[in-house]
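Residues per chain, in single letters:
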Amino acid sequence: RKGVRDSFYLEGNIRISGDRIKVPIFGWLRCAELLPATTPKNVVISLRAGHWYISFKYEAPAPQVEKTGEVVGVDLGIHHLATCSDGEVFENPKPYRKARKRLARLQRRLSRKQKGSANRKKAVVQLGKAHKRVADIRQDNLHKLTTYLAKKYRVVVIEGLQVKNLLKNRKLAGALSDCGFYEFRRQLEYKARLYGCQVVVADRFYPSSQLCSGCGHRQKMPLQERVFCCPCCGLELDRDLNAALNLLRWYRTTPSSGGSDACGDSSGGV
Ligand SMILES: [Zn+2]
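Calculation criteria
Residues numbered from 1 in each chain as written. Predicted model: local features only at pLDDT ≥ 70, side-chain atom pairs only at ≥ 80, totals over all residues. Heavy atoms only, no water. Donors = N, O, S within 2.8 Å, 3.2 Å for Na, K, Ca; no water. Tetrahedral: all angles 85-135°; square planar, octahedral: opposite > 155°, others 65-115°. Buried < 20%, exposed > 50% of the residue type's maximum accessible area, 1.4 Å probe, protein only. Pairing = 2+ DSSP bridges. Helix = DSSP H or I, 4+ residues; strand = E, 2+ residues; numbered from the N terminus. Axes fitted to C-alpha atoms, helices over the stretch in contact; angles between N-to-C directions. Contact = heavy atoms within 4.5 Å. Expected span 1.5 Å × (residues − 1). Phe/Tyr/Trp six-rings, centres within 6.5 Å; stacked < 30°, edge-to-face > 60°. Lys NZ or Arg CZ within 6 Å of the ring centre and 35° of its normal. Parallel < 35°, antiparallel > 145°, perpendicular 65-115°, else oblique. Left-handed = near helix turned anticlockwise from the far one by under 90°. Salt bridge = Lys/Arg side-chain N within 4 Å of Asp/Glu carboxyl O.

(A) Looking closely at the coordination of the zinc ion. Distances from the zinc ion to its protein donors, Cys212 (SG), Cys215 (SG), Cys230 (SG) and Cys233 (SG), fall at 2.3 Å. Classification of the site at the zinc ion as tetrahedral follows from its four donor atoms and the range of 106 to 113 degrees in their angles at the metal. The sequence pattern formed by the donor residues of the zinc ion is C-x2-C-x14-C-x2-C. Here Cys230 falls in the buried class, since its relative accessible area comes to 6%. Classification of Cys233 as partly exposed rests on a relative accessible area of 39%.

In structure tokens form, the structure reads like this:
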């Protein structure tokens, strides 16, 4: 049915090679992307904001990757996409910010259109496309980040978010759902299985942003404060890097995390 979850399932004589795909009824179709040569038993074809997508499963050899990093703490943020405990920072790219601005503009424009008008319909289509672009860029970024982490490190330590507290703060809730914490975790976990990496989620009550990564002193850290200044040991550190370092420290000092000295292995290898 048109307009109701525009997707359908096909099975039978399906062939995929290069940028072409042969499906029953339609015959050969051209694809935008190069595909692996295979003959899947079935495919799902779907429509999203004016573009058609095909998805299918096929067997691929398990990838072999060489780990160059041991353990890393990763803090997801609003200002940066992610900050790693070894100092690496992942930004939201320019196209993403541009697309978000455009989305906001289109949203305002739509609200001024008269209900039921042709112009309103046009604006709705435009808005749908802008939404898709923002979502696509975000998804692409997250995929790059999670693939990188799962391939490089043996252990990735992330924070366990308290959903209740987050939703209390509406501004933060919006920003975080935007950064896609749950999507980040979902991707990281399945890629970790693929690339032989372990994802460790810190205790969700662990205040990674409030502790000093140097001496353990705890203080309130309002969101607008970008630098952690410790009155006890004098440490001054970017807020996100400090949080990432704390996640690493939590992993190394908490027996239940599997990475602490208490287990007799300080290397963090699990
Ligand atoms: Zn300190």
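And the narrative resumes.
(B) Layout of the sheet that holds strand β5 (residues 51–55). Taken together, the three strands give an open sheet; going across it, the order is β1-β4-β5, and neighbouring strands pair in antiparallel fashion. Whereas interior strands pair on both sides, the edge strands pair on one side only; in this sheet they are β1 (7–11) and β5. Neighbour-to-neighbour, the strand axes of this sheet turn through a mean angle of 20 degrees, independent of strand direction. As judged from the five bridges shared by β1 and strand β4 (residues 42–48), these two strands associate in the antiparallel manner. Bridge pairing in β4 places Glu11 opposite Asn42.

(C) Seen up close, unusual backbone geometry. Of note in the backbone geometry, Ile25 takes a positive phi value of approximately 75 degrees without being a glycine. When you line up the elements, Ile25 lands in the loop between β2 (15–23) and β3 (27–38).

(D) Representation of the environment of Val44 within the structure. Positionally, Val44 belongs in strand β4. Val44 sits 35 residues away from Tyr9 along the chain, and the two C-alpha atoms are 4.5 Å apart. Once you skip the residues sitting within four places of it in the chain, Val44 turns out to touch Ser7, Phe8, Tyr9, Tyr53, Ile54 and Ser55.

(E) A look at helix α2 (residues 118–152). Between its first and last C-alpha, α2 extends 52 Å over 35 residues, near the 51 Å set by a 1.5 Å rise per residue. The set of residues buried in α2 consists of Ala123, Leu127, Ala130, Lys132, Val134, Ile137, Asn141, Leu142, Leu145, Thr146, Leu149 and Ala150.

(F) Representation of the packing of aromatic side chains within the structure. Applying the stated criterion across every chain yields a total of five aromatic pairs. With 6.1 Å between their ring centres and 40 degrees between their planes, Phe56 and Tyr58 make a pair best called tilted. Pairing Phe90 with Tyr148 gives two aromatic rings, centres 5.5 Å apart and planes at 65 degrees, and the pair type is edge-to-face. Taken together, the positions of Phe90 in strand β8 (residues 89–90) and Tyr148 in helix α2 put the pair 58 residues apart, joining distant regions of the chain. In this structure Tyr148 comes out as partly exposed when scored by relative accessible area, which is 29%. One aromatic cluster is present, formed by Phe8, Phe26 and Trp52 through successive ring pairs. Of note, Arg20 hangs over the ring of Trp28, and the distance from its end group to the ring centre comes to 4.1 Å. Cation over ring: Arg48 sits above Tyr53, and NZ or CZ is 5.5 Å from the ring centre.

(G) Geometry of the sheet that holds β8. An order of β8-β7-β6-β9-β10 is seen for the five strands of this open sheet, with the pairing classed as mixed. For this open sheet the edge positions go to β8 and β10 (198–201), each flanked by a neighbour on one side alone. Where strand β6 (residues 69–76) meets strand β7 (residues 82–84), three bridges bridge the pair, whose relative direction is antiparallel. In the sheet register, Asp75 faces β7, and the bridge partner there is Thr83. Packed onto the sheet, α2 meets β6, β7, β8 and β9 (153–158) and runs at close to 125 degrees relative to β9. Its contacts with the sheet put helix α6 (residues 239–253) on β6, β7, β9 and β10, and the angle it makes with β6 is roughly 130 degrees.

(H) Expanded view of the packing of helix α1 (residues 94–111) against α2. Two elements in contact, α1 and α2, have axes whose closest approach is 9 Å; the angle formed by their N-to-C orientations is 160 degrees. Here α2 runs roughly antiparallel to α1, going by the angle between their axes. Along this stretch, α1 crosses α2, giving a crossing that reads as left-handed. Contacts between α1 and α2 pair Pro95, Tyr96, Ala99, Arg100, Leu103, Leu106, Gln107, Arg109 and Leu110 from the former with Arg120, Ala123, Val124, Gln126, Leu127, Ala130, His131, Arg133, Val134, Ile137 and Arg138 from the latter.

(I) Local environment of the environment of Lys152. Take Lys152: it is sitting in helix α2. Here the alpha-carbon distance between Lys152 and Val65, two residues 87 residues apart in the chain, equals 8.0 Å. Leaving out residues up to four positions away in the same chain, Lys152 has contacts with Lys67, Thr68, Gly69, Asp86 and Glu88.

(J) Local environment of the pattern of salt bridges. Under the definition given, this model contains nine salt bridges. Of the charged contacts, one joins Lys152 and Glu88 as a salt bridge, the two residues approaching to 3.8 Å between their closest N and O atoms. Pair noted here: Lys152 is in helix α2 and Glu88 is in the loop between β7 and β8, with a separation of 64 residues, a long-range link. For Glu88, a relative accessible area of 27% corresponds to the partly exposed category. We note a salt bridge from Glu189 to Arg185, for which the minimum N-O separation is 3.3 Å. In this pair, Glu189 and Arg185 are both assigned in helix α5 (residues 181–195), four residues apart and thus about one turn of the helix distant.

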